[in-house]
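Architecture at a glance
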2 protein chains.
Amino acid sequence: MVDLESFVGQKLRERGLRPTRQRMALGALLWANGDRHVSAEQLHNEAKEANCAVSMATVYNTLNQFVEAGLLKMVIVDAGRTYFDTNILPHHHFVFEKTGELEDIPAEKIVIPHIPSPLSKEADISSVSVMIRVN
Amino acid sequence: MVDLESFVGQKLRERGLRPTRQRMALGALLWANGDRHVSAEQLHNEAKEANCAVSMATVYNTLNQFVEAGLLKMVIVDAGRTYFDTNILPHHHFVFEKTGELEDIPAEKIVIPHIPSPLSKEADISSVSVMIRVN
DNA sequence: GTGTTTGCAAAGTGTTTGCAATTTA
DNA sequence: TAAATTGCAAACACTTTGCAAACAC
């Protein structure tokens, strides 16, 4: 990878998002290393620790913009347990019930030979997601 | 089925829940006919329409008790979109994105020949749930 | 400069809880 | 009568929004 700064900046510009200080900081935290599952609060804390104070409102707004722009996926594990996933490829998840943590399952690891169609309506499948809860 | 009243009463007593007026009313609405996906608010409204006023707090508490007792399953579709499912057998769901409605997929309709194990921990799989979003 | 973005505080949504009053067994 | 349940209102966690100030281009 080139330097993180320009990598993030380019990602943002590609999607028509201005590379503001806040978006750059959050982007850098999200995309510094491999795939991540982060909650809004976690990211807010990380930003604070990195001396990049960003308000909670901005964290939420930014994460939603990133999701909208296709830069992140939202994963809802439970009521009040929402993660933002930097892995935007189709994939599945293990959920560790003890901790609430997630682990990605690459799409090709789960084969579903036949996907059924709904009875009631035309089938225009937009996604298939599998959650495997373990404890 | 015998009469609904005693059917519900028995269900409750079996799980150690007293058949109070409120629980009987909510149970009757839930189990009158085939399987249902109901939100707390929906059920609250239905109870009101059936002239069985039950407070919102009691609807929530009761639904949670029913889930705890294994009489219902909770299905979270989106942040702030939680359903209570009277189908307690293992199964999967279609989610209609337009309406947020659910349709059950019987477990045997979705075959996953090989379930992977998580990398990081011992695999003690408690459930596998598939959500197919359609629009 | 002009339009976009931010941060705050306030509002919103869906859900849970403390507690006095009521109901059930 | 003793223990469980209910309903209210308040509290809650998480998220969104309105708007003035700050920023990016």
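All figures in this text were calculated on a predicted structure; none of them were measured in a lab.

Reading the values: the criteria
- Residues numbered from 1 in each chain as written.
- Chains lettered and ligands numbered in written order.
- Predicted model: local features only at pLDDT ≥ 70, side-chain atom pairs only at ≥ 80, totals over all residues.
- Heavy atoms only, no water.
- Least-squares fit on C-alpha atoms with pLDDT ≥ 70 in both.
- Contact = heavy atoms within 4.5 Å.
- Near = heavy atom within 4 Å.
- Polar contact = N/O pair within 3.5 Å; in protein donor to acceptor, adjacent residues only side chain to side chain.
- Helix = DSSP H or I, 4+ residues; strand = E, 2+ residues; numbered from the N terminus.
- Nonpolar A, V, L, I, M, F, W, Y, C, P; charged D, E, K, R; others polar.
- Buried < 20%, exposed > 50% of the residue type's maximum accessible area, 1.4 Å probe, protein only.
- Domains from an automatic or database assignment.
- Buried area = accessible area lost by both parts, 1.4 Å probe.
- Salt bridge = Lys/Arg side-chain N within 4 Å of Asp/Glu carboxyl O.

Moving on: the relation of the copies chain A and chain B. Overlay of chain A on chain B (RMSD 0.1 Å): rotation 180 degrees, translation along the axis 0.0 Å. As the rotation angle and translation indicate, the two copies are arranged about a two-fold axis. Taking C-alpha positions as the reference, the residue of chain A nearest the rotation axis is Val130 of chain A, at 2.2 Å. Taken as a fraction of all interface residues of chain A, those also at the interface in chain B reach 100%, which identifies the copy contact as same-surface.

In the vicinity of DNA strand D lie 18 residues, with Tyr60 of chain A together with Thr20, Gln22, Arg23 and Thr58 of chain B positioned nearest. The sugar-phosphate share of atoms of DNA strand D within 4 Å of the protein amounts to 86%. A distance of 2.5 Å separates a sugar or linking oxygen of DNA strand D from a polar atom in the side chain of Gln22 of chain B. Ser55 of chain B places a polar main-chain atom, nitrogen or oxygen, 3.2 Å from a phosphate oxygen of DNA strand D. Secondary structure elements with two or more residues in the surface near DNA strand D: α4 (56-68) of chain A together with α2 (21-31) and α4 (56-68) of chain B. For the surface near DNA strand D, the element with the highest residue contribution is α4 of chain A, accounting for four residues. Its residues assigned to classes, the surface near DNA strand D shows six nonpolar, eight polar and four charged.

In this section: unusual backbone geometry. All names here are of chain A. Despite not being glycine, Asn51 has its phi angle at roughly 60 degrees, a positive value. Structurally, Asn51 can be placed in the loop between α3 (40-49) and α4. Exposure remark for Asn51: the relative accessible area of 71% places this residue in the exposed category.

Attention now moves to the protein's contact with DNA strand C. Neighbouring DNA strand C are 18 residues; Thr20, Gln22, Arg23 and Thr58 of chain A together with Tyr60 of chain B lie closest to it. Backbone atoms, meaning sugar and phosphate, make up 85% of the atoms of DNA strand C lying within 4 Å of the protein. Separating a phosphate oxygen of DNA strand C from a side-chain N or O atom of Thr20 of chain A is a distance of 2.7 Å. Taken together, the elements giving at least two residues each to the surface near DNA strand C come down to α2 (21-31) and α4 of chain A together with α4 of chain B. In terms of residue count, α4 of chain B provides more of the surface near DNA strand C than any other element does, four residues in total. In terms of residue class, the surface near DNA strand C is built from six nonpolar, eight polar and four charged.

Our next topic: the domain arrangement of chain A. Residue and element names in this part refer to chain A. Assigned domains of chain A: these are domain 1 (4-84) and domain 2 (89-134). Placing the centre of domain 1 and that of domain 2 at their C-alpha centroids yields a distance of 24 Å. If you look at the interface, domain 1 gives nine residues, while domain 2 gives 13 residues. Of the roughly 730 Å² buried at the junction of domain 1 and domain 2 (both faces included), carbon and sulfur atoms supply 55%. Remark: the boundary between domain 1 and domain 2 carries five residue pairs in polar contact (both at pLDDT 80 or more). Only β2 (73-78) and β3 (81-85) provide two or more residues apiece to the side of domain 1 that touches domain 2. In terms of residue count, β2 provides more of the side of domain 1 that touches domain 2 than any other element does, five residues in total. Its residues assigned to classes, the side of domain 1 that touches domain 2 shows four nonpolar, one polar and four charged.

Glancing now at the interface of chain A and chain B. At the junction of the two partners, chain A supplies 35 residues and chain B supplies 35 residues. Summed over both sides, the interface between chain A and chain B buries roughly 2,700 Å², with carbon and sulfur atoms accounting for 58% of that surface. Between chain A and chain B we count zero salt bridges in total. Here chain A and chain B share twelve residue pairs in polar contact (both at pLDDT 80 or more) between them.

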